[in-house]
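Here are the chains, one letter per residue:
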Amino acid sequence: MTIETAEPATAAQAIDPNDPVLSTEFATEMARQVRAIDPYGTYDDLSAAEVLEPYVLTKEKKREIPIVGDPDEIIVARIQAFYNAIAVMIEKECGLRAVPLLHLTHEGFGRVLITVGKLVVLDRSLRDVHRFGFPSLSKMKDEGDKLLSVALELIGEHSRVAGL
């Protein structure tokens with residue numbers, strides 16, 4: 001099963017290029033991470049709204065994706081970019097190295113961990129990753145901010161372990 005990325009004309013409809021969320025640090029980092037894993041430079045000339053468009057799954061788009069499916073390498077790369085962005089934000093906030101680890105089965109089930117030193121600051125079970133996405137760009141930012149704040153709180157509480 002392959003999931004095609006939307007054409008740039010569709011991207012303008014899913015994400016408004018003037019959306020204030022695009023100017024946030026998280027959205028900027030997300031766009032940077034997506035471009036970083038693009039080996040052929042296909043995203044170099046696209047705007048941040050066009051780069052982040054595949055992360056927005058409206059109800060209509062989600063209905064088009066089958067309930068059961070296997071993730072392809074594009075979906076896995078999107079998930080990696082999302083959690084890589086969170087890890088980079090953790091590093092910026094606390095100055096300690098954050099390492100993301102993503103493990104998925106071929107069926108789309110797995111786990112993501114982010115560690116700082118010997119401390120696990122994010123541990124999340126993943127399922128149905130072939131349907132990975134958010135209802136809107138602001139929901140994606142909210143989820144990223146929530147995961148970041150929990151991770152930073154854990155680092156604050158257990159700074160000695162995080163520094164190992």
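Residues numbered from 1 in each chain as written. Predicted model: local features only at pLDDT ≥ 70, side-chain atom pairs only at ≥ 80, totals over all residues. Heavy atoms only, no water.

> I keep staring at the overall build of the protein chain and nothing clicks. Help me out?
Assigned secondary structure in the protein chain consists of seven helices and three strands. Along its sequence from the N terminus, the protein chain presents helices and strands in the succession α-α-α-α-α-β-β-β-α-α. For the protein chain, whose C-alpha radius of gyration is 16 Å, the value lies close to the compact-globule estimate of 15 Å for 164 residues. Expressed as lengths along the three principal axes of its C-alpha atoms, the size of the protein chain is roughly 50 × 35 × 30 Å. Expressed as a percentage of its 164 residues, the buried residues of the protein chain come to 38%. Total accessible area computed for the protein chain in this model is approximately 9300 Å², and 52% of it derives from carbon and sulfur atoms. (Helix = DSSP H or I, 4+ residues; strand = E, 2+ residues; numbered from the N terminus. Rg over C-alpha atoms; globule rule 2.2 N^0.38 Å. Buried < 20%, exposed > 50% of the residue type's maximum accessible area, 1.4 Å probe, protein only. Areas by Shrake-Rupley, 256 points an atom, 1.4 Å probe, with all protein chains shown as cover.)

> Looking at this model, I keep getting lost on unusual backbone geometry. Mind explaining?
Note on backbone geometry: most residues besides glycine have negative phi, and most peptide bonds are trans. Positive phi values are uncommon outside glycine, yet Asp-128 reaches one of about 50 degrees. Topologically, Asp-128 is positioned in the loop between strand S3 (119-126) and helix H6 (137-157). On the basis of relative accessibility, which here comes to 28%, the residue Asp-128 falls in the partly exposed class.

> I tried to follow the confidence of the model for the protein chain on my own but got confused; where do I start?
Detailed reading of predicted coordinates is not advised where the pLDDT is low. The predicted model of the protein chain has a mean per-residue pLDDT of 88, with 92% of residues at 70 or higher. When the criterion is pLDDT under 50, residues 1-12 qualifies, and its contacts beyond four places in sequence or with other chains add up to 20 contacts. (pLDDT = per-residue confidence, 0-100. Contact = heavy atoms within 4.5 Å.)

> What's the story with the nonpolar core in this structure? I'm lost.
Grouped together as the largest cluster of nonpolar side chains are 42 residues, with contacts concentrated most on Leu-52, Tyr-55, Phe-82, Tyr-83, Ile-90 and Met-140. Elements that contribute at least two residues to this core include exactly helix H2 (25-36), helix H3 (48-52), helix H5 (73-94), strand S1 (98-104), strand S2 (110-116), S3 and H6. When residues in this core are grouped by element, the largest group, ten residues, is from H5. (Core = buried A, V, L, I, M, F, W, Y, C linked by side-chain atoms within 4.5 Å.)

> Help me out: how do you make sense of the pairing of S2 in this one?
For a regular strand, side-chain orientation follows a simple rule: the groups alternate between the two sheet faces. Note: S1 against S2, seven bridges, orientation antiparallel. Paired with His-103 across the bridge in S2 is Arg-111. Linking two consecutive strands that pair antiparallel, namely S1 and S2, is a turn of five residues; a positive phi of about 95 degrees is found at Gly-108 within it. Two strands pair when backbone bridges link them, and S2 and S3 are joined in this way by seven bridges, in the antiparallel orientation. In the sheet register, Thr-115 faces S3, and the bridge partner there is Val-120. Remark: two residues form the turn of the hairpin made by S2 and S3, two consecutive strands paired antiparallel; Gly-117 in that turn has positive phi of roughly 65 degrees. (Pairing = 2+ DSSP bridges.)

> Help me out: how do you make sense of H5 in this one?
An α-helical turn contains 3.6 residues, so a residue and the one three or four places further along point in the same direction. Between its first and last C-alpha, H5 extends 31 Å over 22 residues, near the 32 Å set by a 1.5 Å rise per residue. Listing the buried residues of H5 in full gives Ile-75, Arg-78, Ile-79, Ala-81, Phe-82, Tyr-83, Ala-85, Ile-86, Ala-87, Met-89 and Ile-90. Trailing H5 by a residue or two, Gly-95 shows a phi angle of about 80 degrees, which is positive. (Expected span 1.5 Å × (residues − 1).)

> Help me understand the packing of aromatic side chains in this model?
Between two aromatic rings, the relevant description is the distance of the centres plus the angle of the planes. Evaluated as defined, the whole model comprises six aromatic pairs. Relative to Phe-82, the ring of Phe-26 lies with its centre 6.0 Å away and its plane at 85 degrees, an arrangement referred to as edge-to-face. Of this pair, Phe-26 sits in helix H2 while Phe-82 sits in helix H5, placing them 56 residues apart in sequence. Phe-82 matches Phe-26 in its accessibility class, with the two residues each being buried. On the numbers, 6.4 Å between centres and 80 degrees between planes, the contact of Tyr-55 with Phe-132 is edge-to-face. You can see Tyr-55 sitting in the loop between H3 and helix H4 (59-64) and its partner Phe-132 sitting in the loop between S3 and H6, a full 77 residues away along the chain. We note that Tyr-55, like Phe-132, is buried. (Phe/Tyr/Trp six-rings, centres within 6.5 Å; stacked < 30°, edge-to-face > 60°.)

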